[in-house]
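In case you want the letters, here they are:
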Protein chains: 4
Amino acid sequence: MPEELWKTAITNVEPGKIRVRGYNITDIMEKLSYAETVYLILKGELPSKAEAELMNAILVSSIDHSATPPSVLGARTVISGGNSLNAAVAGGVLVIGDTHGGAIENSARIMQQWAKKDDDVNNIAEELVTWLKENKKRMPGFGHRLHKVDPRTAKLFEIAQRNGYKGKHIDLCKAIEKTLEQKLGKKLPINVDGAIAAVISDMGFDWRLGKAFFIISRVPGLVAHAYEEMTREKPMRKLGPLPFTYDGPPDREI
Amino acid sequence: MPEELWKTAITNVEPGKIRVRGYNITDIMEKLSYAETVYLILKGELPSKAEAELMNAILVSSIDHSATPPSVLGARTVISGGNSLNAAVAGGVLVIGDTHGGAIENSARIMQQWAKKDDDVNNIAEELVTWLKENKKRMPGFGHRLHKVDPRTAKLFEIAQRNGYKGKHIDLCKAIEKTLEQKLGKKLPINVDGAIAAVISDMGFDWRLGKAFFIISRVPGLVAHAYEEMTREKPMRKLGPLPFTYDGPPDREI
Amino acid sequence: MPEELWKTAITNVEPGKIRVRGYNITDIMEKLSYAETVYLILKGELPSKAEAELMNAILVSSIDHSATPPSVLGARTVISGGNSLNAAVAGGVLVIGDTHGGAIENSARIMQQWAKKDDDVNNIAEELVTWLKENKKRMPGFGHRLHKVDPRTAKLFEIAQRNGYKGKHIDLCKAIEKTLEQKLGKKLPINVDGAIAAVISDMGFDWRLGKAFFIISRVPGLVAHAYEEMTREKPMRKLGPLPFTYDGPPDREI
Amino acid sequence: MPEELWKTAITNVEPGKIRVRGYNITDIMEKLSYAETVYLILKGELPSKAEAELMNAILVSSIDHSATPPSVLGARTVISGGNSLNAAVAGGVLVIGDTHGGAIENSARIMQQWAKKDDDVNNIAEELVTWLKENKKRMPGFGHRLHKVDPRTAKLFEIAQRNGYKGKHIDLCKAIEKTLEQKLGKKLPINVDGAIAAVISDMGFDWRLGKAFFIISRVPGLVAHAYEEMTREKPMRKLGPLPFTYDGPPDREI
């Protein structure tokens, strides 16, 4: 039974009025880009020009990566089983976990924790990489299965630089890349997840929102795949899994 | 603000007391099988001995069908992306739609509608198959991709017969099988979904509950696959999709 | 076993290269807004300036509507049960069905079907409203529980008009509003869903993509609510449901 | 491209044959209860008579707990938004996380870790409760919001005892209850989750399967609620949330 009112700080709705974080929705429709509105609703405040450009580039960067990611398989499989578009998107988003799309969150968490140290980013990077090595951990957001150099990383940092957007997390991120190469003897370039993690950390976003940037960016890609599956493929097709064999108990009797 | 109380007829809980459809949970734990309890919670009343045996056989029959069904792919993919067991089961259940696991519901719907006719089941079957042919529709619950004869169908009907469990829907189901062969000239034997559809219809279940029998039965199978994926496979493995190629627009410039 | 390659027309990925609908991702990050990119990935082609502005306004318009929509309840409940951010978004998107967020799809479907008639929009609207009345159907996308006049509708049509963006579906939509008032004697103003349905229909989007515009727009709102629940509320709080009472069978014995 | 076959040990399917963990499905339909089959598919082997009775009681015990649990709210909300039964069940299962239905997993994890100690259960319980106190942690599976004494716990242990089913985890569980009272000065009786955790641990189940027992048991309850919502309530009703107020920024201009 409701004893007291709970509170929400996001949107205020009255008959004929909708205000997101205090701003009138019709003003936002007129004056802000969708990327700026996403920034506003998540952060509570309007972005600067640099932040708006970066947020736009972040959301564009991860919109799709072809049909191989498991979230695409998830969304297409839900359609293939004979379900609705929203169920397919939900199925795709469900797949976005710690090992797929989770690198932004994990990378941001580590960078936010270590950037708090009152020290030069090169020293912090050195300490961090040593710690990772000793604990046999990988640094999330560095290296990529397919892309030797992730083209999205360079573009994101270029937009930051052109706008004079700087911060300790971006610097730390670059220092980690350099230190990883020195200490491990192999190049593990910053991938798009690591770059996004650094940028949103400098924007002041809590690392616990890390997956959100990937999810928001990728949902239109999932929609495109779900719709393609719906309109170009037969239901219940062999979408996977790959061939397999059985290694359980042999035939037997009760 | 709650103006009036809404109502639920399923379970009554007070401190120290839990009553499902009126029965004390500790009595049910002691005296009923889980299959009987499933019948009770869905139907509102206790099953007869025949209904209890049939419900048990139904739930057992569809518990798993190896790694090929799309719902298994859904559940495994969610684990592969680095998510929890409940998310994986949800992902699998999401896939169970009109073209995968939907045959029970659709078959029961058709049989319940046509069985209302005040006529002999053979005549009804004849009319129904003619109607299906004219409208170029398939009868759901008949024929199987893999099994020429579905062994679960025979067993389910054998249990019904041994218990003297009869009804118009089971009779109609068998009449449809016979008529399909006569009219189409090829055998489309009743598969497990069709058999379940007939049995639950004779039990008096609404066809809109059709998918429920498949879902309830299959959830432990989905759990087994999710757990196997979690404990035997590497995250983000190539679970699918099958190889594909690109046929969209060629490279171009903005 | 893969006998032949299946095809996807969305994104082409090679080492170091990602091309969405043929365009290089780094060019898109530099030159397109996120709203334009959403248009591109769903439509396959770049939007005109008017279409870009409209798509932006559409995505902004539905980003959030406070804590009452059932999809918000869905997302918050998943967090409240102790789950991850992606599971919460999936839980929210799952709720977006025929009766919540489905009006765009249903309204677009009807308008696309009727706009095919080779007739004046006023005549079509007259015929359509007569048909709705005779069949006791409501026209989806008209009227709103809370907003007597939906402020987002006026803004969307204003942006269309300012850009000289016209089309038979927008005209038909306005004609339906006028005809509904004449024939039913009460005002049922076009709501934001109806307006979006008209605009995307004039853009040439298949009505089956209708829910997508709502889903894509709303996901950041769901994220904001999930994050607020995660950071401001206790787990397992009484998020709902409203008080209820029991009207099932009385206590009884097996 | 599939380089090698992956493996599954659950079910072997060939035309006309389905073997779960090696046993013919038609034999299982004839000879095993559904609870025994659940045990078989999760464990890989048949249960003893005591294990079969306990597994049955476990699955019955948690089938429903009225309309208050958040998973019920999740399932009903999905229906209320106009979605299918399988989406509703998925929505409900999604909610079953660490703070709702997670106590079995967490309690089993702790008991399995501490029971490994080569010591008397009373000593282990003493050490564990001291450790919990020092680390300000609660022991999951003890105490209940509503039930001072959980009637399902006593029944489950009664069934174990009657069958002579004993094990270190059940003993440890009871020792923890006694020690908690001694050390904290208040009674925190074993609830149904703690009792299930102890029993499945003695059965040899991995704690990572803990949530599975709750999920499998509860799915029919979720189905019953989803069906009741579908057939007795209007779409988009005020299922929740409770009343709330706004405490974000005041009205302002861009």
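Residues numbered from 1 in each chain as written. Chains lettered and ligands numbered in written order. Predicted model: local features only at pLDDT ≥ 70, side-chain atom pairs only at ≥ 80, totals over all residues. Heavy atoms only, no water.

**Comments concerning the overall build of chain A**
Worth spelling out the cut-off: Only DSSP runs of H or I reaching four residues or more are called helices, and only runs of E reaching two or more are called strands; each is numbered from the N terminus. For the accessible areas, the method is Shrake-Rupley and the probe is 1.4 Å, while residue cover comes only from the protein chains on display. Think of it this way: Lys and Arg go in the positive column, Asp and Glu in the negative one, and His and the chain ends go nowhere. To locate a charge, the coordinates of NZ of Lys, CZ of Arg, CG of Asp or CD of Glu are taken.
A count of helices and strands for chain A gives eleven helices and five strands. If you line up chain A on its principal axes, its C-alpha atoms span 70 × 60 × 45 Å. Element-wise, carbon and sulfur atoms account for 49% of the exposed surface of chain A, whose accessible area totals about 9500 Å². Within chain A, the 32 negative side-chain charges are centred at a point lying 3 Å from the centre of the 35 positive side-chain charges.

**Quick word on the sheet that holds strand β3 (residues 17-20) of chain A**
Filter applied, for reference: Pairing between strands is defined by DSSP: at least two bridges between them are needed.
Read across the open sheet, the three strands follow the order β2-β3-β4 (chain A); overall the sheet is antiparallel. Either end of the sheet is taken by a strand with one partner, and the two such strands are β2 (11-14) and β4 (23-24) of chain A.

**Overview of the interface of chain C and chain A**
Keep this limit in mind: For this analysis, residues touch if any pair of their heavy atoms sits within 4.5 Å. The quantity reported as buried area is the accessible area (1.4 Å probe) lost by two parts once they are put together, taken as the sum for both. Salt-bridge detection follows one rule: a side-chain nitrogen of Lys or Arg within 4 Å of a carboxyl oxygen of Asp or Glu. Identification of polar contacts relies on pairs of N or O atoms within 3.5 Å, with a donor-acceptor requirement for protein atoms, meaning one able to donate a hydrogen and the other able to accept it, and with residues adjacent in sequence counted only if both atoms are side-chain atoms. Ten residues, namely Ala, Val, Leu, Ile, Met, Phe, Trp, Tyr, Cys and Pro, are considered nonpolar, four, namely Asp, Glu, Lys and Arg, are considered charged, and the remaining ones, Gly among them, are considered polar.
Residue-level contacts link 80 residues of chain C with 81 residues of chain A. The contact between chain C and chain A buries some 6900 Å² in all, and 70% of this surface belongs to carbon and sulfur atoms. The salt bridge involving R162 of chain C is made with E30 of chain A; its shortest N-O contact spans 2.5 Å. Counting every contact that joins chain C to chain A gives 28 residue pairs in polar contact (both at pLDDT 80 or more). Broken down by element, the side of chain C that touches chain A gets its largest block of residues, 15 residues, from helix α11 (residues 210-232) of chain C. Its residues assigned to classes, the side of chain C that touches chain A comprises 45 nonpolar, 17 polar and 18 charged.

**Overview of the confidence of the model for chain A**
So the rule is basically this: The pLDDT score gives, residue by residue, the confidence of the prediction method on a 0 to 100 scale.
Looking at chain A as a whole, its pLDDT mean stands at 92, while 96% of the residues score no less than 70. For this predicted complex, the interface confidence comes out at an ipTM of 0.94, alongside a pTM of 0.94.

**So, the relation of the copies chain B and chain D**
Note the cut-off: We superpose the copies by least squares over the C-alpha atoms of residues that have a pLDDT of at least 70 in both of them.
Between chain B and chain D, which share one sequence, the superposing operator has a rotation angle of 180° and an axial displacement of 0.0 Å; the RMSD is 0.0 Å. Given the turn and translation reported, the copies of this chain are related as if by a two-fold rotation axis. Proximity to the rotation axis, assessed at the C-alpha, singles out A90 of chain B in chain B; its C-alpha lies 2.1 Å from the axis. When the interface residues of chain B are mapped onto chain D, 100% of them again lie at the interface, so the same face is used by both copies.

**With respect to the nonpolar core**
The test is simple: Only buried residues count toward a nonpolar core. Its members are Ala, Val, Leu, Ile, Met, Phe, Trp, Tyr and Cys residues joined through side-chain atoms within 4.5 Å. Summary of the burial criterion: residues with accessible area below 20% of their type's maximum are buried, those above 50% are exposed, and those between are partly exposed, where the area comes from a 1.4 Å probe applied to protein chains only.
In this structure, I176 of chain A, I176 of chain B, I176 of chain C together with I176 of chain D are the most contacted members of the largest nonpolar core, which totals 351 residues. Apart from residues lying up to four places away in sequence, I176 of chain A is in contact with M111, A125, L128, V129, M139 and F142 of chain A.

**Details of the packing of aromatic side chains**
The relative placement of two aromatic rings is captured by the distance of their centres and the angle of their planes. Formally: For Phe, Tyr and Trp, rings pair up if their centres lie within 6.5 Å, where Trp contributes its six-membered ring, and each pair is then called stacked (planes under 30 degrees apart), edge-to-face (over 60) or tilted (otherwise). Counting as a charge over the ring demands two things of the Lys NZ or Arg CZ atom: a distance within 6 Å of the ring centre and an angle within 35 degrees of the ring normal.
Under the defined criterion, the tally for this structure stands at 14 aromatic pairs over all chains. Seen from their ring centres, Y34 of chain B and Y34 of chain D are 6.2 Å apart, and the 10° between their planes marks the pair as stacked. With Y34 of chain B in helix α2 (residues 34-43) and Y34 of chain D in helix α2 (residues 34-43), this pair bridges two chains. Pairwise contacts between aromatic rings join Y39, F205 and F213 of chain A into one cluster. Its end group placed over the ring of F157 of chain A, K174 of chain A keeps NZ or CZ at 4.9 Å from the ring centre. Stacked on the ring of F205 of chain C, the Lys or Arg K43 of chain C has its end atom at 5.4 Å from the ring centre.

**Quick word on the relation of the copies chain C and chain A**
The operation relating chain C to chain A is a screw motion whose rotation component is 180°, with 0.0 Å of axial translation and a residual RMSD of 0.0 Å. Looking at the interface residues of chain C, 100% of them are also at the interface in chain A, so both copies use one shared face.

**Notes on the interface of chain B and chain D**
One frequently used descriptor of interface size is the decrease in accessible area upon assembly of the parts. Residue-level contacts link 80 residues of chain B with 81 residues of chain D. Surface buried jointly by chain B and chain D totals about 6900 Å² across both partners, of which 70% is contributed by carbon and sulfur atoms. On the chain B side of the interface with chain D, the three residues burying the most area are W6, M29 and Y34 of chain B, jointly 12% of the side's total. Applying the counting rule to chain B against chain D returns four salt bridges. Summed over the shared surface of chain B and chain D, the result is 28 residue pairs in polar contact (both at pLDDT 80 or more). A class-by-class count of the residues in the side of chain B that touches chain D yields 45 nonpolar, 17 polar and 18 charged.

**Some words on helix α8 (residues 151-162) of chain B**
The test is simple: Given a helix with a known number of residues, its expected span is that number minus one, times 1.5 Å.
Relative to the 16 Å expected for twelve residues at 1.5 Å per residue, α8 of chain B spans 17 Å between its end C-alpha atoms, a close match to the ideal helical length. Along α8 of chain B, the residues classified as buried are P151, R152, T153, K155, L156, F157, I159 and A160 of chain B. In this structure, the buried side of α8 of chain B is in contact with α3 (49-61), α9 (168-184) and α10 (192-202) of chain B together with β3 (17-20) and α1 (25-31) of chain D. Where α8 of chain B terminates, the next one or two residues include G164 of chain B, which has phi positive at roughly 65°.

**Quick notes on unusual backbone geometry**
The backbone of R21 of chain C shows a phi angle near 50°, a positive value even though the residue is not glycine. In this structure, R21 of chain C sits in the loop between β3 (17-20) and β4 (23-24).

**Examining the sheet that holds strand β4 (residues 23-24) of chain B**
Residue and element names in this part refer to chain B. The sheet built from three strands is open, its strands ordered β2-β3-β4 with antiparallel pairing. Either end of the sheet is taken by a strand with one partner, and the two such strands are β2 (11-14) and β4. Pairing between β2 and strand β3 (residues 17-20): four bridges, direction antiparallel. For V13, the partnering residue across the bridge sits in β3 and is I18.

**Some points on the side chain of T8 of chain D**
Here T8 of chain D shows up in strand β1 (residues 6-8). Judged by its relative accessible area of 0%, T8 of chain D falls in the buried class. A distance of 2.7 Å separates polar atoms of two side chains, one belonging to T8 of chain D and the other to E228 of chain B.

**Structural notes on the side chain of E229 of chain D**
Residues and elements named next belong to chain D. Its location among the elements puts E229 in helix α11 (residues 210-232). At a separation of 2.7 Å, a polar atom in the side chain of E229 contacts the side chain of R76. If near-sequence neighbours (up to four positions away) are discounted, E229 is found in contact with R76, I79, S80, K234, R237 and L239.

**Digging into the packing of helix α4 (residues 70-80) of chain A against helix α5 (residues 85-95) of chain A**
All names here are of chain A. Formally: The convention used is that axes are lines fitted to C-alpha atoms, helices contributing only their stretch in contact, and that angles between N-to-C directions extend from 0 to 180 degrees. Should an angle lie under 35 degrees it is considered roughly parallel, over 145 roughly antiparallel, and from 65 to 115 roughly perpendicular; all remaining angles are considered oblique. The sense of a crossing depends on the near helix, which, turned anticlockwise from the far helix by less than a right angle, makes the crossing left-handed and, turned clockwise, makes it right-handed.
The contact between α4 and α5 brings their axes to 7 Å, and the two run at 150°. What the angle tells us is that α4 and α5 run roughly antiparallel. Read as a crossing pair, α4 and α5 show a hand that is right-handed. Contacts between α4 and α5 involve P70, S71, G74, A75, V78 and I79 on the former and, on the latter, L85, A87, A88, G91, G92 and V95. Considering only residue class, the contact of α4 with α5 consists of eight nonpolar, four polar and no charged.

**Observations regarding the packing of helix α6 (residues 103-115) of chain D against helix α9 (residues 168-184) of chain D**
All names here are of chain D. Here α6 crosses α9 at 105°, and the two axes come no closer than 10 Å. Taken together, the axes of α6 and α9 lie roughly perpendicular to each other. From α6, M111, Q112, W114 and A115 reach across to α9, where they touch K168, H169, L172, C173 and I176. Each residue belonging to the contact of α6 with α9 can be placed in one class, and the counts come to six nonpolar, two polar and one charged.

**Considerations on the pattern of salt bridges**
Scanning the model with the defined rule gives 72 salt bridges over all chains in all. A salt bridge links E53 of chain A to R162 of chain A; its shortest N-O distance comes to 3.0 Å. One end of the pair, E53 of chain A, is in helix α3 (residues 49-61); the other, R162 of chain A, is in helix α8 (residues 151-162), and 109 residues separate them in sequence. For R162 of chain A, a relative accessible area of 43% translates into the label partly exposed. Connected through salt bridges with shared partners, the residues E30 of chain A together with K49, E53, K155, E158 and R162 of chain C form a single ionic network.

**Thoughts on the pairing of strand β2 (residues 11-14) of chain D**
Only one face of β2 of chain D is covered, namely the one carrying T11 and V13 of chain D; the face carrying N12 and E14 of chain D has none of its residues buried. Here β2 of chain D folds back onto β3 of chain D in antiparallel fashion, the turn holding two residues, of which G16 of chain D has a positive phi close to 80°.

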